Amino acid sequence: MISTPDDVIRELAALREQSEAGIAYLAELEEQLVYAELEYDRERALAFIEAKGTVADRENLALLQTATAREKAQLMRVQVNRAKQHVRHLGEALGGVQTSARMVELTWKTTR
């Protein structure tokens, strides 16, 4: 519970630190997602080229042969979305603490 200016300062510093770490982690995940998607695209293109049959057959075979790479890219996308949600949550928490900080400031001014 925030009750003193020192509590506010500690809480703001902790949230800022978490937010910065979250942003850095999100950037790392987004980079990994790009590479996972590129790998999937490359594998699918190669599988399509190597497959035999009609275009529809080749597309389906390529899709089947690259299911693992596709799954990896999709799971990376899920991680990116989770990280974005976490960073948004930290921003909202930071706003709440800033509001509390203003209330603590007013309380301290009126009691002194």
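Residues numbered from 1 in each chain as written. Predicted model: local features only at pLDDT ≥ 70, side-chain atom pairs only at ≥ 80, totals over all residues. Heavy atoms only, no water.

Draft legend 1. Spatial organisation of the environment of R44. Mapped onto the elements, R44 comes out in helix α1 (residues 5-50). In this structure, the C-alpha to C-alpha distance between R44 and L61, residues 17 residues apart in sequence, is 9.2 Å. The contacts of R44, once residues within four sequence positions are left out, are E59, A62, L63 and T66. (Helix = DSSP H or I, 4+ residues; strand = E, 2+ residues; numbered from the N terminus. Contact = heavy atoms within 4.5 Å.)

Draft legend 2. Geometry of the pattern of salt bridges. Considering all chains together, one arrives at 5 salt bridges under this definition. When the shortest N-O distance is used, the salt bridge between D7 and R10 registers 2.7 Å. Taken together, the residues span about one helical turn, with D7 and R10 both in helix α1 at a distance of 3 residues. Within the structure, one salt-bridge network assembled from shared partners comprises R102, E105 and K109. (Salt bridge = Lys/Arg side-chain N within 4 Å of Asp/Glu carboxyl O.)

Draft legend 3. Highlighting the environment of E20. Among the secondary structure elements, E20 is positioned in helix α1. For the pair E20 and E39, spaced 19 residues apart in the sequence, the C-alpha separation amounts to 29 Å.

Remember, this is a structural readout, not a statement about activity or role.
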